[in-house]
Amino acid sequence: MVDEFSGGPETASGTVETDAKVARPIAARWTWFRILFVAFLITSGAMIASNLHAAVVVPALFATDAPDAFLLTQAHIVDYGQVGTSIAFLVSYFGCAIAYACFMARSIYNARLRYPDQVKMSPHGYWLWHIVPIASLYKPVNGMVEVWHALHPGGEGPTTPLIPLWWGFWVVGSLVGLGDRLFPASQIDFMLSPGSVDAYVSYQLYGSALAVIVGLSAFFLLRLAGQLKELQLVQPAEIFA
């Protein structure tokens, strides 16, 4: 393996030949990454709106013994909205997880071609660290920092606020997500007991706050990935000239 690209000619597929390895294209993975992350941000916003709508409608529904047609219509919207946005959120979330793993695996591969001694993490080892207790709090962000620097000329990129913002919101969201245990199903099932309406409203507000935090993390990761993509599209001959 060489320490940096040789600046070889571009192949018909758009990759760049080197003396030993070939930098793999990132454009297709970036396209899916961007589509799925934008979809996730949209579904997050829809779920937040549905949660806040439910937090208003449900107490009003239980506050009257004779709800009018408008309130009943809103209640039906709550039912369908909660189910639809929850499913869309989960599907887009897992789609983003796959796109993120594929994009970073390719980025790490290309970064290791330039500075193999600087990027310690393997392309597939990167996402595996996300499921290792304790290490998942710091290993992925360390890997991101390595890739960020290795894709810059000289192997030393400028400081970017996107990395701490992305990871900071992700860690906070992970910790806030543990609060879900404070809301057992028996306390938020408002269909069984009107007395659980307050708990239900609190749960909707909690879910909205969590979606905002995770959504901010996804937004900053999307911005960061866009910059990583641009760095990989720069011709190696221009970088190391």
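Residues numbered from 1 in each chain as written. Predicted model: local features only at pLDDT ≥ 70, side-chain atom pairs only at ≥ 80, totals over all residues. Heavy atoms only, no water.

Trainee: Explanation requested: the overall build of the protein in the structure shown.
Mentor: When helices and strands are tallied, the protein shows eight helices and two strands. Buried residues in the protein amount to 44% of all 241 residues. Of the contacts made within the protein by residues no fewer than 6 positions apart, 71% connect residues no fewer than 24 positions apart. Total accessible area on the protein is roughly 12700 Å²; 68% of this is exposed by carbon and sulfur atoms. (Helix = DSSP H or I, 4+ residues; strand = E, 2+ residues; numbered from the N terminus. Buried < 20%, exposed > 50% of the residue type's maximum accessible area, 1.4 Å probe, protein only. Contact = heavy atoms within 4.5 Å. Areas by Shrake-Rupley, 256 points an atom, 1.4 Å probe, with all protein chains shown as cover.)

Trainee: What exactly am I supposed to notice about the packing of aromatic side chains here?
Mentor: Here the distance between the centres and the angle between the planes together describe a pair of aromatic rings. Under the defined criterion, the tally for this structure stands at 14 aromatic pairs. Between F33 and F103 the ring centres are 5.1 Å apart and the planes differ by 40°, which places this aromatic pair in the tilted class. Taken together, the residues span a long stretch of sequence, with F33 in helix α1 (residues 27-62) and F103 in helix α2 (residues 69-114) at a distance of 70 residues. Note on F33: relative accessible area 1%, which makes it buried. By relative accessible area, F103 is classed as buried at 0%. Here a set of aromatic residues connected by ring pairs shows up, and it is made of W30, F33, F37 and F103. Over the ring of Y109 we find R24; its NZ or CZ atom is 4.0 Å from the centre of that ring. For K139, the ring lying beneath its charged end belongs to W129, and the centroid distance is 4.8 Å. (Phe/Tyr/Trp six-rings, centres within 6.5 Å; stacked < 30°, edge-to-face > 60°. Lys NZ or Arg CZ within 6 Å of the ring centre and 35° of its normal.)

Trainee: What is the right way to read the nonpolar core from this model?
Mentor: Here is a general trend for soluble globular proteins: nonpolar side chains tend to be buried in one another's company. F33, M104, M144 and W166 are the most contacted members of the largest nonpolar core, which totals 40 residues. At the level of secondary structure, the elements contributing two or more residues to this core comprise α1, α2, α4 (139-150), α5 (162-177) and α7 (197-233). For this core, the element with the highest residue contribution is α7, accounting for 10 residues. In this structure, A54, A55, L71 and V78 belong to the second largest nonpolar core, which totals nine residues. (Core = buried A, V, L, I, M, F, W, Y, C linked by side-chain atoms within 4.5 Å.)

Trainee: How should the side chain of R106 be read in this particular structure?
Mentor: Topologically, R106 is positioned in helix α2. We classify R106 as buried; its relative accessible area is 13%. Beyond its immediate chain neighbours, meaning those up to four positions away, R106 contacts R24, P25, I26, R29 and Q232.

Trainee: I would appreciate a short explanation of the pattern of salt bridges in the present structure.
Mentor: Any two side chains of opposite charge can pair, on the condition that their charged atoms come close. For the structure shown, the criterion picks out one salt bridge. Close ionic contact of K229 with E230 constitutes a salt bridge, the shortest N to O distance being 2.4 Å. Owing to a relative accessible area of 12%, K229 belongs among the buried residues under this scheme. (Salt bridge = Lys/Arg side-chain N within 4 Å of Asp/Glu carboxyl O.)

Trainee: Could you clarify how one ought to interpret unusual backbone geometry in this entry?
Mentor: As a rule of thumb, non-glycine residues mostly have phi less than zero, and peptide bonds are mostly trans rather than cis. Of note, the phi angle at I134 is positive, near 70°, even though the residue is not glycine. Within the secondary structure, I134 is located in the loop between α3 (125-128) and α4. Accessibility expressed as a relative area gives 62% for I134, which makes it exposed.

Trainee: I'm lost on the packing of α1 against α7 in this one. Help?
Mentor: Axis separation between α1 and α7 bottoms out at 9 Å; the angle between their running directions is 165°. As far as their axial angle goes, α7 and α1 are roughly antiparallel. Here the hand of the crossing between α1 and α7 comes out left-handed. (Axes fitted to C-alpha atoms, helices over the stretch in contact; angles between N-to-C directions. Parallel < 35°, antiparallel > 145°, perpendicular 65-115°, else oblique. Left-handed = near helix turned anticlockwise from the far one by under 90°.)

Trainee: I'm lost on the packing of α2 against α7 in this one. Help?
Mentor: The axes of two packed helices give the description: the angle between them and the distance between them. Where α2 contacts α7, the two axes come as close as 11 Å, and the packing angle between them is 30°. The angle between α2 and α7 places the two elements in the roughly parallel class. For the element pair α2 and α7, the recorded crossing hand is left-handed. Side by side, α2 and α7 meet where V78, Q82, Y100, F103, M104, R106, S107, N110 and R114 of the first sit next to Y200, Q204, L221, A225, L228, K229, L231 and Q232 of the second. Tallied by class, residues from the contact of α2 with α7 come to nine nonpolar, five polar and three charged. (Nonpolar A, V, L, I, M, F, W, Y, C, P; charged D, E, K, R; others polar.)

Trainee: Would you explain the side chain of S50 in this entry?
Mentor: Tracing the backbone through its elements, the reader meets S50 in helix α1. In this structure, S50 is in contact with G81, Q82 and T85, ignoring residues within four places of it in sequence.

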